[in-house]
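# Notes for the structure review
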Amino acid sequence: MTLSVLDIFKIGIGPSSSHTMGPMNAARRFVLDLIEREQLATTTQVGVQLYGSLALTGRGHCTDLAILLGLEGHSPEGLDPLIVPPTLERIRGSGRLNLAGAREIAFDEPMDVLWHRDQTLPGHSNGMRFTALAADGSLLCREEYYSTGGGFVARADELAAPSAAAPAVVVPYPFDSAAELLDRARGAGLELYELVMANEDAYRERAQTRAALLKIWGVMQACIERGFAAQGMLPGVLKVRRRAPKMHRQLLETTVASPMQAMDWVNAFALAVNEENAAGGRIVTAPTNGAAGIVPAVLTYYRRFEPGASDEGVLRFLLVGAAIGMLYKKNASISGAEMGCQGEVGVACSMAAGGLVAALNGTNSQIENAAEIGMEHNLGLTCDPIAGLVQIPCIERNAMGAVKAINAARLAMRGDGTHKVTLDQVIATMRQTGEDMSSIYKETSQGGLAVNVPEC
Ligand code: SF4
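To start, this report covers the structure provided alongside it.

## Here's the deal with the layout of surface pockets
- Its volume calculated, the second largest pocket comes out at about 420 Å³.
- Pro235, Ala278, Ala279, Gly280 and Gly281 are, among the 24 residues lining the second largest pocket, the residues nearest its centre.
- A per-class count over the lining of the second largest pocket returns 15 nonpolar, 7 polar and 2 charged.
- Inspection of the lining of the second largest pocket shows a minimum of three residues originating in each of domain 1 (14-165) and domain 2 (178-452).

Have a look at this one:
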């Protein structure tokens with residue numbers, strides 16, 4: 001599987017990459033396929049069936065609205081969050097849906113979107129089935145899609161044979177493991193960020209890659225600013241009050257210098273992003289939405305508190321952080337429904353730790369060491385969101401993950417990169433731990449905090 005940095009960092013909307021962005025992408029793909037097969041004009045009814053984790057926690061993760069928006073042809077990257085409420089009001093009020101923005105059909109949401117909480121499709125816990133019917137009730141098209149984390153979507157046949165679905169991009173330094181990545185960098189005499197950038201050159205002009213990464217950084221900063229400026233409660237039954245705005249005000253008013261002030265700021269940055277995510281705001285998936293606060297919080301820490309920080313350092317951070325994310329995506333998973341939260345917050349922590357060392361001009365070995373530490377102390381982390389909302393424990397967990405990432409980077413920078421547990425070993429351990437983890441701790445809200453804390 002060939003992955004680009006821009007597959008790992010994607011601009012989208014909250015609250016979930018696997019349960020919001022993935023289903024929106026799948027629904028959009030389905031209607032675009034109908035157009036390609038020249039079946040859109042004869043489609044009079046569309047049915048959607050949701051399975052497994054999507055069915056169990058999809059309502060809290062806004063899967064239903066994502067599906068409706070996707071069927072109308074919207075994509076997470078292009079969607080303006082402000083048009084979401086009126087669009088849903090129109091669809092639900094009129095009982096009509098504008099397929100791909102081109103064909104209006106009747107749509108009875110309770111009958112046409114079915115939630116199979118007691119069933120899973122064979123490929124993955126996040127399964128969806130879409131059907132299109134003609135006026136005489138005959139089947140025009142049926143497809144199964146899987147949302148595999150981070151907004152990635154695969155059709156059933158693509159999931160079974162990923163190499164057949166992969167884009168044919170030949171990069172100069174392919175790598176499937178951290179050991180291979182380090183070897184190739186050593187062999188070519190490159191820093192890791194240089195190697196990753198050379199691979200990105202196979203996708204697009206270098207200036208475009210730089211511009212895209214700086215745009216991603218801009219969206220992250222804007223997200224933090226919006227999170228600081230917002231007020232009130234987050235949506236949903238938990239009635240969670242936003243904490244970032246007050247924390248931000250308090251930090252601005254602080255006159256006494258404290259050695260822990262930078263940590264307070266890191267907490268505030270992470271809370272701001274994840275509160276915006278919970279509110280369905282514009283977000284960068286890094287590598288998922290639930291864990292989207294860690295990379296921006298650590299990057300903003302770098303920019304604000306590290307002497308000599310620069311946009312070049314931001315680019316090094318994002319290139320290397322993405323390469324670490326690719327290793328998890330290739331060799332394990334970045335889906336909470338497969339790995340628990342270690343696959344989301346743990347992976348983001350690992351990416352941010354390695355990315356920070358790269359920004360600080362650490363060595364390749366120190367980067368690998370930091371990324372390993374970032375995951376090692378998240379192993380076994382379960383996913384048990386209360387009421388299926390990406391709020392508790394998710395928001396605060398990002399603050400904890402960001403602080404942990406900075407500590408991992410600092411630990412690694414104090415050494416020379418030599419250490420006992422390799423990044424590859426910790427990724428394999430995460431995968432095995434995720435496979436052994438009971439499904440009640442894998443984004444189903446059937447265990448942990450989700451069953452021990454009342455919802456209101
Ligand atoms: S607990 Fe972790 S994996 Fe689960 S929804 Fe929250 S952030 Fe995502």
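## Some details on the packing of aromatic side chains
- All told, the structure shown has 5 aromatic pairs when counted by the stated rule.
- Relative to Phe130, the ring of Phe30 has its centre 5.3 Å away and its plane inclined at 25°; by these criteria the two rings are stacked. Separated by 100 residues along the polypeptide, Phe30 in helix H2 (residues 17-36) and Phe130 in strand S6 (residues 127-133) bring together distant segments of the chain. Comparing Phe30 with Phe130 shows no difference in burial state: the two are buried.
- When the centroid spacing of 6.3 Å and the interplanar angle of 45° are considered together, the rings of Phe228 and Phe269 count as tilted. Of this pair, Phe228 sits in helix H11 (residues 206-229) while Phe269 is found in helix H13 (residues 261-278), placing the two residues 41 residues apart along the sequence.
- An aromatic cluster is present here, built from Phe30, Phe130 and Tyr145 joined pairwise through their rings.
- When the ring centre of Phe152 is taken as reference, the NZ or CZ atom of Lys10 above it lies at 4.0 Å.
- It is Lys330 that lies over the ring of Phe175; its NZ or CZ is 4.7 Å from the centre.

## A short note on empty space enclosed by the protein
- According to the stated counting rule, one finds 2 cavities of 30 Å³ or more in the structure shown.
- Roughly 180 Å³ of volume is contained in the largest cavity.
- Along the walls of the largest cavity sit 21 residues, with Gly290, Glu344, Cys383, Val390 and Cys394 positioned nearest its centre.
- Secondary-structure elements contributing two or more residues to the lining of the largest cavity are H2 and helix H19 (394-413).
- In the lining of the largest cavity, the residues fall into 9 nonpolar, 8 polar and 4 charged.
- Lining the second largest cavity, in full, are Ala178, Leu181, Leu182, Leu192, Ile324, Leu327, Asn364, Ile367, Glu368, Ala371 and Leu423.
- For the lining of the second largest cavity, the secondary-structure elements that each account for two or more residues are helix H9 (178-188), helix H15 (311-331) and helix H18 (364-376).
- The element best represented in the lining of the second largest cavity is H18, accounting for 4 residues.

What counts, and at which threshold
Residues numbered from 1 in each chain as written. Predicted model: local features only at pLDDT ≥ 70, side-chain atom pairs only at ≥ 80, totals over all residues. Heavy atoms only, no water. 1 Å grid on protein atoms, 1.4 Å probe; cavity = no way out; pocket = protein on both sides within 12 Å on 5 of 7 lines; lining within 4 Å. Points joined across faces, edges and corners; volume = space filled by probe spheres on them. Nonpolar A, V, L, I, M, F, W, Y, C, P; charged D, E, K, R; others polar. Domains from an automatic or database assignment. Phe/Tyr/Trp six-rings, centres within 6.5 Å; stacked < 30°, edge-to-face > 60°. Helix = DSSP H or I, 4+ residues; strand = E, 2+ residues; numbered from the N terminus. Buried < 20%, exposed > 50% of the residue type's maximum accessible area, 1.4 Å probe, protein only. Lys NZ or Arg CZ within 6 Å of the ring centre and 35° of its normal.

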